[in-house]
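Topology and contacts: notes
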Amino acid sequence: MKAILVNKPGGIEELQIGELATPEPREQEVLVRVRAAALNRADILQRKGYYPPPPGASNILGLEFAGKIVALGANCHRLSIGDRVCGLLAGGGYAQYAAIHEQMAMPIPENANDAEAAAIPEAFLTAFHALFLLGNLQTGQRVLIHAGASGVGTASIQLAREIGAEIFVTASREKKLLACKRLGAKHLINYQTDDFAAVVQRVTNGRGVDLVIDFIGATYFSKNLQCLGLDGRLVLLSLLSGQLANEIDLRLILSKRLQIVGSTLRNRSIDEKIRLTQAFWQFAGSKWQAGILRPVIDRVYDWRAVQDAHALMEANENIGKIVLNVTD
Ligand SMILES: NC(=O)c1ccc[n+]([C@@H]2O[C@H](COP(=O)([O-])OP(=O)(O)OC[C@H]3O[C@@H](n4cnc5c(N)ncnc54)[C@H](OP(=O)(O)O)[C@@H]3O)[C@@H](O)[C@H]2O)c1
């Protein structure tokens, strides 16, 4: 099959279409002819050699995909050849074929195209996991979502909106903040011009937020602690600004009884991912079918333009997801 290969760790010029063996589905896997794959920030790190796939996973980039089932493993009984599905992968999405455990394959609603379906799994499952399973967000609570216009951010806003949370977001520019507002964010903070911790304190009269979803890491850590109210939770999903934080006032953690949780989805066990996919589908499947939840798509590229797609994400230009149509 054709797949996008990384010749050697490095820049976008290392991404080229090449040939690899088509994966063989294991007993409980289905083989999917991929029609679209969405980009994730992790793909850029992997391309540069900083984020190798977990043991046993495909070396090919791509954590989410959509397409049509073309073969079933010996123990697959839930799905049929020809079904349109999308799902989460630990790697292997940037290819003509990918195999996925059948319990992790989500049916694509008839009214959704492949690009839209490919943009759902990683962003929405990460957001669902962080907000509800790790962050225990409840109706009426306040949540601060950093990088609100990112793929995961735009999914998080929609999910938090659906349970009636009060949503604060940060982003670097006004057009990103406006996109967040259209999705349901109430408090828009441009972190380039405003101190987000000060805004949160002012808007909440010093009570703070119940949950912070953070991707930025080092430079935000101290301010995130300041933003949180009593019994607040911080879910740390990425370290875009670095991994070493200093000048942390530990008293805030103690006196406000804070909980700090870190998570990566990719290296979780298949059983955890199946449970997560099923919990997400129960919450969100009918909302997606009804058009209440939809991925925000910035741009769809032909997969031959994968270098341009990576460049767009690296420049922090995208609002929502960037998708590759697998046209070969
Ligand atoms: N832990 C997990 O399981 C998991 C799963 C999926 C994704 N993630 C992480 O979640 C994050 C979002 O992923 P994505 O694919 O949705 O990303 P994305 O669409 O590429 O968006 C990332 C955004 O983060 C902001 N940003 C980047 N560097 C920053 C910095 N140094 N300081 C402040 N803001 C910065 C930029 O928005 P502004 O222009 O607004 O600054 C950028 O557009 C990534 O870091 C990814 O690795 C984690």
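Residues numbered from 1 in each chain as written. Predicted model: local features only at pLDDT ≥ 70, side-chain atom pairs only at ≥ 80, totals over all residues.

Secondary structure summary: the protein chain contains 10 helices and 15 strands in total. Structurally, the protein chain occupies a C-alpha span of about 55 × 40 × 35 Å along its principal axes. Looking at the protein chain residue by residue over its 328 residues, the buried ones come to 49%. In the protein chain, the share of contacts with a sequence separation of at least 24, taken over all contacts with a separation of at least 6, comes to 68%. (Helix = DSSP H or I, 4+ residues; strand = E, 2+ residues; numbered from the N terminus. Buried ≥ 20, exposed ≤ 12 C-beta atoms within 10 Å, placed from the backbone. Contact = placed C-beta atoms within 7 Å.)

This paragraph deals with the domain arrangement of the protein chain. Taken as a whole, the protein chain is organised into domain 1 (2–120 + 266–325) and domain 2 (124–262). The C-alpha centroid of domain 2 is placed 27 Å from the C-alpha centroid of domain 1. Domain 1 puts 17 residues into the contact, and the matching count from domain 2 is 14 residues. Looking at the side of domain 1 that touches domain 2 element by element, the count peaks at 6 residues for helix α9 (residues 270–289). A class-by-class count of the residues in the side of domain 1 that touches domain 2 yields 10 nonpolar, 4 polar and 3 charged. (Domains from an automatic or database assignment. Nonpolar A, V, L, I, M, F, W, Y, C, P; charged D, E, K, R; others polar.)

Let us now look at the nonpolar core. Ranked by size, the top nonpolar core spans 106 residues in total, and within it A118, V143 and V169 carry the most contacts. The greatest single-element share of this core, amounting to 8 residues, is contributed by helix α3 (residues 121–134). Taken domain by domain, the makeup of this core includes at least three residues from each of domain 1 (2–120 + 266–325) and domain 2 (124–262). (Core = buried A, V, L, I, M, F, W, Y, C linked by C-beta atoms within 7 Å.)

This part takes up the pairing of strand β14 (residues 297–302). As defined by bridge partners, β14 adjoins strand β15 (residues 321–325) across 5 bridges and the pair is classed as parallel. Its bridge partner lying in β15, D302 is registered against N325. Handedness of the crossover is the feature at issue here: the chain leaves β14, passes through helix α10 (residues 306–314), returns alongside β15, and the resulting connection is right-handed. (Pairing = 2+ DSSP bridges. Right-handed = clockwise from strand over helix to strand, strands pointing away.)

Let us now look at the site of the ligand. Close contacts around the ligand come from 26 residues, with S150, G151, S172, S238 and L265 the closest. Sorting the residues of the shell around the ligand by element identifies α1 (41–48), α3 and α4 (151–162) as the ones contributing at least two each. Considering each element in turn, the shell around the ligand owes the most residues, 3 residues, to α3. Of the residues contributing to the shell around the ligand, the split by class is 12 nonpolar, 11 polar and 3 charged. Split by domain, the residues of the shell around the ligand number at least three in each of domain 1 (2–120 + 266–325) and domain 2 (124–262). (Near = placed C-beta within 6 Å.)

What follows covers the environment of Q201. Position of Q201 relative to the elements: it lies in helix α6 (residues 196–203). For the pair formed by Q201 and M104, sequence separation is 97 residues and the distance between their alpha carbons is 41 Å.

Let's shift gears to the sheet that holds strand β10 (residues 187–190). In spatial order, the strands read β10-β9-β8-β11-β12-β13; together these 6 strands make up an open sheet with parallel pairing. Strand pairing shows two members of the sheet lacking a second neighbour, β10 and β13 (259–262), which therefore form its edges. Each neighbouring strand pair of the sheet contributes to a mean axis angle of 15 degrees, computed without reference to strand direction. Taken together, the 4 bridges between strand β9 (residues 166–171) and β10 define a ladder with parallel strand orientation. Pairing of A171 across the sheet is with N190, part of β10. Docked against the sheet, α4 engages β8 (142–145), β9 and β11 (209–214), running at close to 170 degrees with respect to β9. Across the sheet, helix α7 (residues 218–227) is in contact with β8, β11 and β12 (228–236); its angle to β11 comes to roughly 160 degrees. (Axes fitted to C-alpha atoms, helices over the stretch in contact; angles between N-to-C directions.)

This part takes up the packing of α3 against α9. At their nearest, the axes of α3 and α9 sit 10 Å apart, and the two run at 90 degrees to each other. Considered as vectors, α3 and α9 are oriented roughly perpendicular to each other. Residue-level contacts link F124, L125, F128 and H129 of α3 to L276, T277, F280, F283 and A284 of α9. Its residues placed into classes, the contact of α3 with α9 shows 7 nonpolar, 2 polar and no charged. (Parallel < 35°, antiparallel > 145°, perpendicular 65-115°, else oblique.)

At a closest axis distance of 9 Å, the pairing of α6 and α7 adopts a crossing angle of 5 degrees. On the basis of their axis angle, the class for α6 and α7 is roughly parallel. Taking contact as the criterion, the partners of F196, A197 and V200 in α6 are, on α7, K223, Q226 and C227. Partitioning the contact of α6 with α7 into residue classes produces 4 nonpolar, 1 polar and 1 charged.

With that out of the way, let us pick up α1. R41, A42, D43, Q46 and R47 are the residues of α1 that are buried. For α1, the secondary structure elements touched by its buried residues are β1 (2–6), β2 (15–19) and α10. Following α1 by one or two positions, G49 adopts a phi angle in the positive range, close to 90 degrees.

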